[in-house]
Amino acid sequence: MRLDKYLKVSRIIKRRTVANEACDAGRVSVNGKQAKASVDVKVGDIIEIKFGNNTTKIEVLNIAETQKKDEAMNMYRSVE
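- The chain is annotated in an unreviewed UniProt entry as RQC P-site tRNA stabilizing factor from Candidatus Fimicola merdigallinarum.
- Annotation of the chain in UniProt includes, under Subunit (unreviewed entry), the sentence "Associates with stalled 50S ribosomal subunits. Binds to RqcH, 23S rRNA and the P-site tRNA. Does not require RqcH for association with 50S subunits."

What follows is the structure, given as structure tokens:
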């Protein structure tokens, strides 16, 4: 699944266009490498997102084309 779509479906970022812009601005990396929106995300990947001064690190646990709002948090877990 594309990175921008994963960020939207898992509800880490609300809109796919915003996820796309974050990738283009260089604020998203996958497994330590700066990532474009078209990068394929796989189970076990570590995604790091910079929101202003904060950095969020998550591990991909599940990939699904659609997800209900209540179940979206089951797609990833926070990594410290």
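## Regarding the nonpolar core
Stage number 1. Membership of the largest hydrophobic core comes to 21 residues, with the highest contact counts inside it found for Leu3, Tyr6, Leu7, Ile12, Val28 and Ile47.
Stage number 2. Where this core is concerned, the elements lending two or more residues are helix H1 (3-9), helix H2 (16-24), strand S1 (28-30), strand S3 (46-51) and strand S4 (54-60).
Stage number 3. Per element, the largest residue contribution to this core is 4 residues, and it comes from H1.

## Section: the environment of Arg77
Stage number 1. Mapping Arg77 onto the fold places it in strand S5 (residues 76-78).
Stage number 2. Judged by relative accessible area, which is 44%, Arg77 ranks as partly exposed.
Stage number 3. Distance in space between the C-alpha atoms of Arg77 and Val60 is 6.9 Å, their sequence separation being 17 residues.
Stage number 4. Sequence-distant contacts of Arg77, defined by excluding residues within four places in its chain, comprise Lys57, Ile58, Glu59 and Leu61.
Stage number 5. A polar atom in the side chain of Arg77 sits 2.5 Å from the side chain of Glu59.

## Digging into the pairing of S3
Stage number 1. Taken together, the 3 bridges between S1 and S3 define a ladder with antiparallel strand orientation. When the sheet's bridge partners are listed, Val30 is paired in S3 with Ile47.
Stage number 2. Alignment of S3 against S4, held across 6 bridges, turns out to be antiparallel. Counted as the bridge partner of Ile46 is Glu59 from S4.
Stage number 3. In this antiparallel pair of consecutive strands, S3 and S4, the connection spans 2 residues, and Gly52 shows a positive phi of 60°.

## Some details on the pattern of salt bridges
Stage number 1. What the rule picks out here adds up to 4 salt bridges.
Stage number 2. Between Asp4 and Arg16 there is a salt bridge; the shortest N-O distance is 3.3 Å. Highlighted residues: Asp4 in helix H1 and Arg16 in helix H2, separated in sequence by 12 residues.
Stage number 3. The partly exposed category is assigned to Arg16, whose relative accessible area is 33%.
Stage number 4. Glu59 is the partner of Arg77 in a salt bridge, and the nearest nitrogen-oxygen pair spans 2.5 Å. Here Arg77 is found in strand S5, whereas its partner Glu59 is found in strand S4, with 18 residues between them in sequence.
Stage number 5. For Glu59, a relative accessible area of 17% gives the class buried.
Stage number 6. Each of Arg2, Asp4 and Arg16 takes part in one network of salt bridges that share partners.

Criteria and thresholds
Residues numbered from 1 in each chain as written. Predicted model: local features only at pLDDT ≥ 70, side-chain atom pairs only at ≥ 80, totals over all residues. Heavy atoms only, no water. UniProt positions renumbered as here; feature names shortened; annotations may be inferred. Core = buried A, V, L, I, M, F, W, Y, C linked by side-chain atoms within 4.5 Å. Buried < 20%, exposed > 50% of the residue type's maximum accessible area, 1.4 Å probe, protein only. Helix = DSSP H or I, 4+ residues; strand = E, 2+ residues; numbered from the N terminus. Contact = heavy atoms within 4.5 Å. Polar contact = N/O pair within 3.5 Å; in protein donor to acceptor, adjacent residues only side chain to side chain. Pairing = 2+ DSSP bridges. Salt bridge = Lys/Arg side-chain N within 4 Å of Asp/Glu carboxyl O.

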